[in-house]
Structure formats: structure tokens, C-alpha cells
Amino acid sequence: MAENTDPGSLSETYLQISPNILASFPKFRPPVDLYVFDPAVGRTGRYLRGGERLSREGQTEVARFAEEGRLFLLREDYRVYAEHLSKRLGLMLVEEGFLPQEVAEIFFLALRDRMADFLDQPREDTFEALRRDVSILAEYVWIDPSRVAFLTHTLERDYDLAVHAVNTMLIGLALYLRLTGGKVEKTVLISLSLGLLLHDLGMVMVPRFIRDKEQFLVRRDRESIERHIEAGRNMVRRLGIQDPIILECMEQHHERLDGSGYPERRFDKDISTMGRLCAVADSFSAIVGDRPYHSARDTADAVRLLIGDGRRYDPALTALLARVMDERVTE
Ligand SMILES: [Fe+2]
Ligand SMILES: [Fe+2]
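Basis of the calculations
- Residues numbered from 1 in each chain as written.
- Chains lettered and ligands numbered in written order.
- Predicted model: local features only at pLDDT ≥ 70, side-chain atom pairs only at ≥ 80, totals over all residues.
- Heavy atoms only, no water.
- Helix = DSSP H or I, 4+ residues; strand = E, 2+ residues; numbered from the N terminus.
- Expected span 1.5 Å × (residues − 1).
- Polar contact = N/O pair within 3.5 Å; in protein donor to acceptor, adjacent residues only side chain to side chain.
- Pairing = 2+ DSSP bridges.
- Core = buried A, V, L, I, M, F, W, Y, C linked by side-chain atoms within 4.5 Å.
- Buried < 20%, exposed > 50% of the residue type's maximum accessible area, 1.4 Å probe, protein only.
- Domains from an automatic or database assignment.
- Contact = heavy atoms within 4.5 Å.
- Buried area = accessible area lost by both parts, 1.4 Å probe.
- Salt bridge = Lys/Arg side-chain N within 4 Å of Asp/Glu carboxyl O.
- Donors = N, O, S within 2.8 Å, 3.2 Å for Na, K, Ca; no water.
- Tetrahedral: all angles 85-135°; square planar, octahedral: opposite > 155°, others 65-115°.

The name an unreviewed UniProt entry assigns to the protein is Cyclic di-GMP phosphodiesterase response regulator RpfG, from the organism Pseudodesulfovibrio hydrargyri.

Draft legend 1. How the structure looks around helix α9 (residues 161-180). The terminal C-alpha atoms of α9 lie 28 Å apart, and with 20 residues this matches the ideal 28 Å at 1.5 Å per residue to within 8%. The backbone nitrogen of Ala162 has a side-chain oxygen 2.9 Å away, supplied by the residue at the start of α9, namely Asp160. Just downstream of α9, Gly181 is the residue with a positive phi angle, here 65°.

Draft legend 2. Molecular detail of the pairing of strand β2 (residues 34-38). Two strands pair when backbone bridges link them, and β2 and strand β3 (residues 43-48) are joined in this way by five bridges, in the antiparallel orientation. Paired with Leu34 across the bridge in β3 is Leu48. Note: β2 against strand β4 (residues 71-74), two bridges, orientation antiparallel. Its bridge partner being in β4, Tyr35 is matched across the sheet by Phe72.

Draft legend 3. Quick look at unusual backbone geometry. With an omega of 5°, the peptide bond between Tyr262 and Pro263 qualifies as cis. Along the chain, the position of Pro263 falls in the loop between α14 (244-252) and α15 (273-288). Phi is positive for Arg265, which is not a glycine, with a value near 50°. Its place among the elements puts Arg265 in the loop between α14 and α15. Backbone geometry places Asp268, a non-glycine residue, at a positive phi of 25°. You can see Asp268 is positioned in the loop between α14 and α15.

Draft legend 4. Structural view of the nonpolar core. In terms of nonpolar packing, the biggest core is built from 98 residues, with Leu198 and Phe284 touching the most fellow members. Inspection of this core shows a minimum of three residues originating in each of domain 1 (7-77) and domain 2 (89-326). In this view, Phe284 contacts Leu155, Ile171, Thr299, Ala302, Val303, Leu306, Leu321 and Met325; residues no more than four positions away in its chain are not counted.

Draft legend 5. Highlighting the domain arrangement of the protein. Domains assigned within the protein are domain 1 (7-77) and domain 2 (89-326). The straight-line distance from the C-alpha centre of domain 1 to that of domain 2 is 38 Å. Contacts between the two partners involve six residues from domain 1, matched on the other side by seven residues from domain 2. Summed over both sides, the interface between domain 1 and domain 2 buries roughly 530 Å², with carbon and sulfur atoms accounting for 58% of that surface. Summed over the shared surface of domain 1 and domain 2, the result is one salt bridge. The residue Arg75 makes a salt bridge to Glu102 at a minimum N-O spacing of 2.7 Å. Linking domain 1 to domain 2 there are three residue pairs in polar contact (both at pLDDT 80 or more). Top contributing element to the side of domain 1 that touches domain 2 by residue count: helix α2 (residues 19-24), with three residues.

Draft legend 6. Examining the coordination of the iron ion (ligand 2) more closely. Those donors, His164 (NE2), His199 (NE2), Asp200 (OD) and Asp282 (OD), are the protein atoms that reach the iron ion (ligand 2), and they lie 2.1 to 2.3 Å from it. Of note is the iron ion (ligand 2), whose four donor atoms meet at the metal with angles of 81 to 179° in an arrangement that counts as irregular. Between the donor residues of the iron ion (ligand 2), the gaps in sequence give the motif H-x34-H-D-x81-D. Between the iron ion (ligand 2) and the iron ion (ligand 1), a spacing of 3.9 Å is present, and a bridge between the two is formed by Asp200. With a gap of 83 residues between them, His199 in the loop between α10 (186-198) and α11 (208-211) and Asp282 in helix α15 connect regions that are remote in the sequence. Across this residue pair, the class does not change: His199 and Asp282 are buried.

Draft legend 7. The arrangement of the coordination of the iron ion (ligand 1) in detail. The protein atoms donating to the iron ion (ligand 1) are Asp200 (OD), His228 (NE2), His253 (NE2) and His254 (NE2), with metal-donor distances spanning 2.0 to 2.3 Å. Each of the four donor atoms around the iron ion (ligand 1) contributes to a set of angles spanning 87 to 176°, which defines the coordination as irregular. Summarised as a motif, the one-chain spacing of the donors to the iron ion (ligand 1) is D-x27-H-x24-H-H. Residue classification places His228 among the buried positions, given a relative accessible area of 1%.

Structure (C-alpha cells):
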């Protein structure tokens with residue numbers, strides 16, 4: 001039986017289960033081991049194993065423990081509760097007591113899953129579910145913009161379209177909050193987050209074998225890749241999405257300041273702030289992700305690479321990127 005008497009290390013070992021969190025668990029079978037603090041002996045002991053059946057009396061008792069603030073779960077079980085909470089993201093706005101890496105992981109899991117669902121079936125309902133969770137993230141960082149510092153620490157190295165989309169969003173959001181000093185409207189954060197998530201939407205129309213060899217393309221393959229811009233635009237048009245910020249991200253993330261980008265070969269001033277920002281976030285996230293043709297590079301290398309390419313990437317934004325990566329909470 002786990003024991004603990006010191007309140008400081010109590011919160012290191014355990015996470016308090018509030019009535020809200022308890023209400024989100026399946027009534028009869030909580031997904032994690034439940035622990036109860038007994039003030040008479042000053043100890044915390046296990047009350048129920050995760051997945052075990054809880055009687056009706058047990059439920060009443062557990063609800064009372066939660067009300068009294070002495071119901072806990074083990075932080076060690078955080079994979080299980082992160083997965084659970086990622087499906088009920090709204091709780092992140094009312095709950096305190098999560099550690100930064102837990103918050104980061106819960107948001108990451110939620111957005112990756114919503115994004116994967118949307119890529120799988122790009123319909124209004126899956127977009128709505130994605131938009132709902134994005135709004136919760138936007139609200140979360142809008143309340144306290146410094147929170148974005150730890151969101152960028154969860155960048156995943158596995159490469160698939162959903163992971164790439166979420167990585168790009170987290171970096172882009174961090175850049176924008178730094179750029180604006182956090183003085184920003186929530187609706188803009190939501191639009192930008194969606195634009196960053198959807199930037200490569202049209203890639204679902206590009207055959208996977210072509211996507212995977214992006215660096216060694218013959219001309220025909222390159223044209224096929226470049227068509228992801230138009231394909232994505234058509235897909236969002238069919239969904240009735242007209243938000244200009246979302247469209248700017250989708251249309252301009254491959255444009256480069258020196259006119260070497262695509263699809264319109266725009267120059268410098270003709271590329272919007274959101275387009276430049278999406279270009280930096282997208283390229284960074286592509287460099288650090290594991291691709292079939294190269295392994296994931298160190299984030300510091302990726303930052304150096306982009307800073308060294310001031311002809312194509314906005315130097316003000318790559319300098320901010322260096323700051324954002326320095327400020328990450330990595331413990
Ligand atoms: Fe792209
Ligand atoms: Fe991309």
C-alpha cells in the first residue's frame with residue numbers, strides 16, 4: 001500500500017480527483033486505481049483497482065471522498081488518465097493541479113485524435129469536433145499566454161499527417177503569442193490554430209508513396225505534391241469554410257520571401273504574416289519529424305537551419321522561434 005504523510009510529496013505522487021473528474025469516469029468502473037487519504041492516520045491507501053467494479057455504496061462513498069478532497073489517483077498512471085481526459089478536454093479549463101507535461105500530453109492526444117478523425121473523414125461533424133477542442137486550447141492559452149511555453153515541449157517525432165499538423169499548430173501558436181505579446185483576440189487564436197492544423201489537408205489526396213519521398217521527386221511527382229494546396233482549398237470550400245486566416249495558412253505556407261515558393265511564387269510583402277508564420281512553423285515541424293528519407297534532427301539544428309535561410313524565411317519570425325524553443329519547459 002502506498003503511504004504518504006507529507007502534503008508536498010502527496011501532490012507529487014498523487015493527483016487529486018475532483019468531483020468533476022470523478023463524474024467523467026464510468027460510474028461502475030473507474031479507469032484508474034483510486035486512492036483515499038485517511039486524515040486519522042495521515043496515510044493514503046488504495047481503495048480500488050482501475051477497471052474493478054464499484055458497488056452502489058462504493059460510488060456514494062467515493063463521491064463523498066471526492067467532495068472532501070481526499071480522493072486521488074497515482075500520477076504514475078498518467079497515460080491512462082491523459083487518454084481519458086483527452087476525450088473530455090473541457091475539464092482542462094476548470095481543473096487545477098495538473099503538471100505542465102500532463103497538460104501538454106492531454107492536449108496533444110486530444111488534438112492528434114480529432115485531427116486524425118478529420119483527415120480520415122473530412123466532414124462537418126469531424127471538423128466541428130476538431131474546432132471544439134481547438135477552442136478549448138485557445139481559451140487555455142488566452143487566459144494565460146505563458147502557458148504556451150510548455151505546450152511546445154510535447155512535439156512528437158513520429159511522422160504522420162495528424163502529428164505533423166499538431167506539431168505545426170503548437171509551434172505556430174507559440175510564435176504568434178510571442179509576436180503579439182499575448183495581446184490577441186481569442187477568435188484569432190482559434191482561426192490561426194485551425195489554419196495551422198489544416199495547412200496540409202490536401203495531402204490526403206496525394207498518394208502516400210509520393211508523399212514519403214518528398215525530397216527525391218521527379219517533376220511529375222513534385223507537381224502532384226504541389227497540388228495539395230489546391231486540393232486542400234477545394235476540400236475546405238466544400239465544407240463551407242471561408243475564414244480568411246485558415247485560407248491564408250493553407251494557401252501560403254509554401255510561399256517563400258525570395259519568390260522561390262509555390263503555388264503563386266509570391267514575393268516578400270505579398271506573403272501575409274499568417275502565411276510567413278505558417279511557413280516557419282511548418283518547415284520546423286517537418287525538419288524535426290522523422291521522415292522516411294531522414295531521421296528527426298535536433299530542434300536546435302532545425303532552428304539554426306531556418307535562421308540561416310533568411311532569404312526564404314522571415315528573419316523576425318525565425319528569431320522568435322529560437323526564443324520559443326529556448327523557453328520550453330522540458331523537465
Ligand atoms: Fe504543405
Ligand atoms: Fe506541412
